[in-house]
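Residues per chain, in single letters:
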Amino acid sequence: DTGVSQDPRHKITKRGQNVTFRCDPISEHNRLYWYRQTLGQGPEFLTYFQNEAQLEKSRLLSDRFSAERPKGSFSTLEIQRTEQGDSAMYLCASSLAYSANYGYTFGSGTRLTVV
Amino acid sequence: KQEVTQIPAALSVPEGENLVLNCSFTDSAIYNLQWFRQDPGKGLTSLLLIQSSQREQTSGRLNASLDKSSGRSTLYIAASQPGDSATYLCAVRNNNNDMRFGAGTRLTVKP
């Protein structure tokens, strides 16, 4: 297992277009998280899944955002009708639930630029 | 709602100095606390994880302490090197839910 993988690494899109990002977690991890990070700030929580169930969504996740984890393995994050304010690094992490001695493992992120 | 604060926001030191980064959190009912390193434009690399029942963890030149009752954690870096230059993020996990991050401390170690 090579860790958490995110694809693509970079995405430049025109305002109003839809984009989709993919995250492949560590295979034995049942939890998957999405975070967004803007320049100079720490990551902000967007949503998380336990297996295929989406258990929590932040108020940052507007109606234009949707995330899925259909088979409890990889996840996708889609942004519809992108806006310039969506430009950020989108980070995915995975972990084991109910394991205090096990932390989060993050991917390298997808940097989105909306022009 | 858990709030995490990191002080200082930026720190510049000469090579070889020992340094301390601070993290404070408002809700002491934590599950664990994790320190990460982030290089510019990159993802997060985990450095140390402290469970709520632990007081400290060590890895090489890094030592992280946790005082849950006062809502504080420190990351101690011994004998700093230019390669330590990065942003250091503190993150707190509450009761098996999601992790909340501070804004980070941007460290520069000058040769």
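Parameters and conventions
In this numbering scheme, every chain counts its residues from 1 along its sequence in written order. For naming, the first written chain is A and the first written ligand is 1, with later ones following in the order written. Per-residue local features are limited, in this predicted model, to residues with pLDDT of at least 70; the limit for side-chain atom pairs, both in listing and counting, is 80 or more; totals at the level of whole chains, interfaces and linings are taken over all residues. Hydrogen atoms and water are omitted, and side-chain values are computed over all heavy atoms in the structure. Burial classification: accessible surface area is computed with a 1.4 Å probe over protein chains only, and a residue below 20% of its type maximum counts as buried, one above 50% as exposed, and the rest as partly exposed. Only DSSP runs of H or I reaching four residues or more are called helices, and only runs of E reaching two or more are called strands; each is numbered from the N terminus. The pairing criterion is simple: DSSP has to find at least two bridges between the two strands. Throughout this description, the term nonpolar core refers to a set of buried Ala, Val, Leu, Ile, Met, Phe, Trp, Tyr and Cys residues connected via side-chain atoms within 4.5 Å. Throughout, a residue-residue contact means that at least one pair of heavy atoms, one from each residue, lies within 4.5 Å. Only C-alpha atoms enter the line fits that serve as axes; for helices the fit covers just the stretch in contact. Angles between N-to-C directions range over 0 to 180 degrees. Criterion for a disulfide: a pair of cysteine sulfur atoms at a distance within 2.5 Å.

S.K.: I'm lost on the pairing of strand E4 (residues 32-38) of chain B in this one. Help?
M.R.: For a regular strand, side-chain orientation follows a simple rule: the groups alternate between the two sheet faces. Residues and elements named next belong to chain B. Judged by how many residues are buried, E4 sits mostly within the fold: 7 of 7 residues are covered. Burial along E4 is two-sided: the face carrying Asn32, Gln34, Phe36 and Gln38 and the face carrying Leu33, Trp35 and Arg37 are both buried. Following E4, the chain reverses through 5 residues before pairing antiparallel with strand E5 (residues 44-51); Gly41 in that reversal takes a positive phi of roughly 75°. Summarising the sheet, E4 and strand E9 (residues 86-93) pair through 7 bridges and their orientation is antiparallel. Directly across from Gln38, in E9, lies its bridge partner Thr87.

S.K.: Please clarify how the nonpolar core should be interpreted in this entry.
M.R.: Nonpolar side chains in soluble globular proteins generally cluster together in the buried interior. Formed by 22 residues in total, the largest nonpolar core has its most connected members in B:Phe25, B:Leu33, B:Trp35, B:Leu75, B:Ile77, B:Tyr88 and B:Leu107. In this view, B:Leu75 contacts B:Leu19, B:Val20, B:Leu21, B:Trp35, B:Leu47, B:Leu48, B:Leu62, B:Asn63, B:Ala64 and B:Tyr88; residues no more than four positions away in its chain are not counted. Counting 19 residues, the second largest nonpolar core, distinct from the first, contains A:Phe21, A:Ile26, A:Ala67 and A:Ile79.

S.K.: Looking at this structure, how should I read the sheet that holds strand E8 (residues 72-77) of chain B?
M.R.: Each strand in a sheet pairs with its neighbour through backbone hydrogen bonds, running either in the same direction (parallel) or in the opposite one (antiparallel). All names here are of chain B. In spatial order, the strands read E1-E3-E8-E7-E6; together these 5 strands make up an open sheet with antiparallel pairing. Whereas interior strands pair on both sides, the edge strands pair on one side only; in this sheet they are strand E1 (4-7) and strand E6 (56-59). Each strand of the sheet is rotated relative to its neighbour by a mean of 15°, with strand direction disregarded.

S.K.: What am I meant to see in the sheet that holds strand E3 (residues 19-24) of chain A here?
M.R.: Residues and elements named next belong to chain A. Taken in spatial order, the 4 strands make up an open sheet running E1-E3-E8-E7, and their pairing is antiparallel. Two strands in the sheet have a free side with no partner beyond their single neighbour: strand E1 (5-7) and strand E7 (65-68). Taken pair by pair, the neighbouring strands of this sheet meet at an average axis angle of 15°, ignoring direction. Sheet topology note: the E3/strand E8 (residues 75-79) ladder contains 5 bridges and is antiparallel.

S.K.: Even after reading the chapter, I still don't get the state of the cysteines, so can you show me in this structure?
M.R.: By definition, a disulfide links two cysteine residues through a covalent bond between their sulfur atoms. All chains considered together, the criterion is met by 2 disulfides over all chains. In this model A:Cys23 forms its disulfide with A:Cys92; the gap between the sulfur atoms is 1.8 Å. Of note, the bridge from A:Cys23 to A:Cys92 carries an S-S torsion of about -70° and is left-handed in sense. Remark: A:Cys92 occurs in strand E9 (residues 88-95) and A:Cys23 occurs in strand E3; sequence separation between them is 69 residues. For the pair shown, A:Cys23 and A:Cys92 are each scored as buried. Across the disulfide, B:Cys23 is cross-linked to B:Cys90 (sulfur-sulfur distance 2.0 Å). An S-S torsion of about -60° defines the bridge between B:Cys23 and B:Cys90 as left-handed. Linking B:Cys23 in strand E3 (residues 19-25) with B:Cys90 in strand E9, this pair joins segments that are 67 residues apart in sequence. Here B:Cys23 and B:Cys90 have matching classes, each one buried.

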